[in-house]
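Structural features, examined
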Amino acid sequence: MMRMRTAAVMLATLLIAAASMSAEEVRILESAEDWAVVGTDDFSLRIDRTGAIGKVMVGETEYSWLIRLYTTPVVPETGEGLRAVQGEGGRSLGPPPEQFLVEQRGEIVCAIIRQVAARDEIYQGEPLYNLTQIVTIHPSGLVNLRYEFDWLRLLDFKGASLIMALRAAALDGCRWWAEMPPDRLGGIISAAPEARSLDAIKGPMRTFVARCEGEELHLWVNESGRVTAPRWNPDDYAFTLQVPHTGHEGSVYAGLQSVIDVDLKLPVPREDEP
């Protein structure tokens, strides 16, 4: 266990060091009232007012088209789950967030989204939880995603997760490994429609690395519940990070806080590389 922790600290240090090695600032490339595209000449991603993230690009390669919260709270009167997804119109988490702040902070860009989650179908539209989402983008391609849930009342869930859909084509042939204490898993990713290369990832995960032609994509899970990585469709693998305290068919209580915090390090070449 001590070796696992030492390796985790070393990886975190390397990621932070990499973030400081690029001289180019992250900037807001395009923006409108309800969305912003953030990045550099090497990579970019789009953040919507709803908190939905997509068009995660490195050069001309799309690594993810979807990073969103998927929740299924239970309607008390029926016992049925109610689908709620960031950015999904009438089936969203609730009313559009009042605050959508994307700002330059030195060489990084930070987006802050605060929302009160509520649906008319549950407790007559009373607030269910406060959600604070913070997205921090570094010039190295390091993206920190943090979701803070402050639960306002007793609530049952069929499930609640952050889903990060990674393009299978971008990872085809990449060698991967994952630290899932006490185990270390690994293999090679296939983009074949029937391939299920990452099915072994089930449980608490610390790190995931996919090495592709010399570059590496990292996921560093700082806080989360159970992690899985099933094949979502013929085009995507979906890393699914469970919202802590929700579980499957679980209950959360007023006053609790749940946090998902994950670093996504895109395979952006460093300036010191040939």
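Keep in mind that what you see is a predicted model, and the values were worked out from it rather than measured. (Residues numbered from 1 in each chain as written. Predicted model: local features only at pLDDT ≥ 70, side-chain atom pairs only at ≥ 80, totals over all residues. Heavy atoms only, no water.)

This paragraph deals with the overall build of the chain. Helix and strand counts for the chain stand at two helices and 21 strands. Relative to its full complement of 274 residues, the chain shows a buried share of 51%. Across the chain, every contact between residues at least 6 apart in sequence was considered, and the portion connecting residues at least 24 apart equals 58%. (Helix = DSSP H or I, 4+ residues; strand = E, 2+ residues; numbered from the N terminus. Buried < 20%, exposed > 50% of the residue type's maximum accessible area, 1.4 Å probe, protein only. Contact = heavy atoms within 4.5 Å.)

This brings us to the pairing of strand β13 (residues 183–188). Pairing geometry for strand β12 (residues 175–180) and β13, over six bridges, is antiparallel. In the strand pairing of β13, Trp-177 is matched with Gly-186. Counted between consecutive antiparallel strands, the loop separating β12 from β13 contains two residues. (Pairing = 2+ DSSP bridges.)

Moving on to the confidence of the model for the chain. Here the chain averages 90 in pLDDT, and 89% of its residues register 70 or above. Low pLDDT, under 50, characterises residues 1–9; the stretch is placed with five contacts to residues that sit more than four places away or in other chains. Confidence drops under pLDDT 50 across residues 16–22; counting only partners more than four residues distant or on other chains, this segment forms 13 contacts. (pLDDT = per-residue confidence, 0-100.)

The subject of this paragraph is the pairing of strand β15 (residues 207–212). Counting buried positions along β15 gives five out of six residues, so the element sits mostly inside the fold. Pairing of β12 with β15 involves five bridges; the strand directions are antiparallel. Bridge pairing in β15 links Trp-177 to Val-209. For β15 and strand β16 (residues 215–223), the ladder comprises six bridges, and the chain directions are antiparallel.

Summed over all chains, the structure comprises 17 salt bridges. In this structure, the salt-bridge partner of Glu-24 is Arg-27, at a minimum N-O distance of 3.0 Å. By relative accessible area, which is 31% here, Arg-27 ends up partly exposed. Between Asp-236 and Arg-167 there is a salt bridge, with its nearest N and O atoms 3.2 Å apart. With Asp-236 in strand β19 (residues 236–242) and Arg-167 in strand β11 (residues 155–167), this pair connects stretches of sequence that are 69 residues apart. What makes Arg-167 partly exposed here is its relative accessible area of 21%. (Salt bridge = Lys/Arg side-chain N within 4 Å of Asp/Glu carboxyl O.)

The next thing to look at is the packing of aromatic side chains. Aromatic ring pairs are reported here in terms of the distance separating the ring centres and the angle at which the planes meet. Scanning the entire structure with this criterion turns up eight aromatic pairs. Aromatic pair Tyr-129 and Trp-151: ring centres 4.9 Å apart, planes at 55°, arrangement tilted. Placement of Tyr-129 in strand β9 (residues 129–137) and of Trp-151 in strand β10 (residues 142–151) is noted, with a sequence separation of 22 residues between them. Residue Trp-151 is classed as buried on the basis of its relative accessible area, which comes to 3%. Aromatic pair Trp-151 and Phe-157: ring centres 5.5 Å apart, planes at 70°, arrangement edge-to-face. Classification of Phe-157 by relative accessible area gives buried; the value is 1%. Grouped by ring-pair contacts, the aromatic residues Tyr-129, Phe-149, Trp-151 and Phe-157 constitute a single cluster. (Phe/Tyr/Trp six-rings, centres within 6.5 Å; stacked < 30°, edge-to-face > 60°.)

Within the element layout of this structure, Ala-192 appears in the loop between β13 and β14 (202–203). Taking the C-alpha atoms as reference points, Ala-192 and Asp-235, 43 residues apart in sequence, are found 8.7 Å from one another.

Turning our attention to a nonpolar patch on the surface. Together, Leu-154, Tyr-253 and Leu-256 make up a nonpolar patch on the protein surface, roughly 280 Å² of accessible area in all. Tracing the chain through its elements places Leu-154 in the loop between β10 and β11. (Patch = residues over 30% accessible without salt bridge, like charges linked within 9 Å, V, L, I, M, F, W, Y side chains within 5 Å. Areas by Shrake-Rupley, 256 points an atom, 1.4 Å probe, with all protein chains shown as cover.)

Moving on, we get to the side chain of Arg-231. Relative to the assigned elements, Arg-231 resides in strand β18 (residues 231–233). No salt bridge forms around the buried Arg-231; measuring N to O, its nearest opposite-charge neighbour Asp-235 is 6.2 Å away. Here Ala-192 takes part through its backbone oxygen, which lies 2.9 Å from a polar atom of the side chain of Arg-231. A distance of 2.7 Å separates the side chain of Arg-231 from the backbone oxygen of Pro-234, its partner in a polar contact. Not counting the four nearest positions on each side in its chain, Arg-231 is found in contact with Ala-168, Ser-190, Ala-191, Ala-192, Pro-193, Ala-195, Arg-196, Asp-199, Asp-236 and Tyr-237. (Lys, Arg positive; Asp, Glu negative; His and termini not counted. Polar contact = N/O pair within 3.5 Å; in protein donor to acceptor, adjacent residues only side chain to side chain.)

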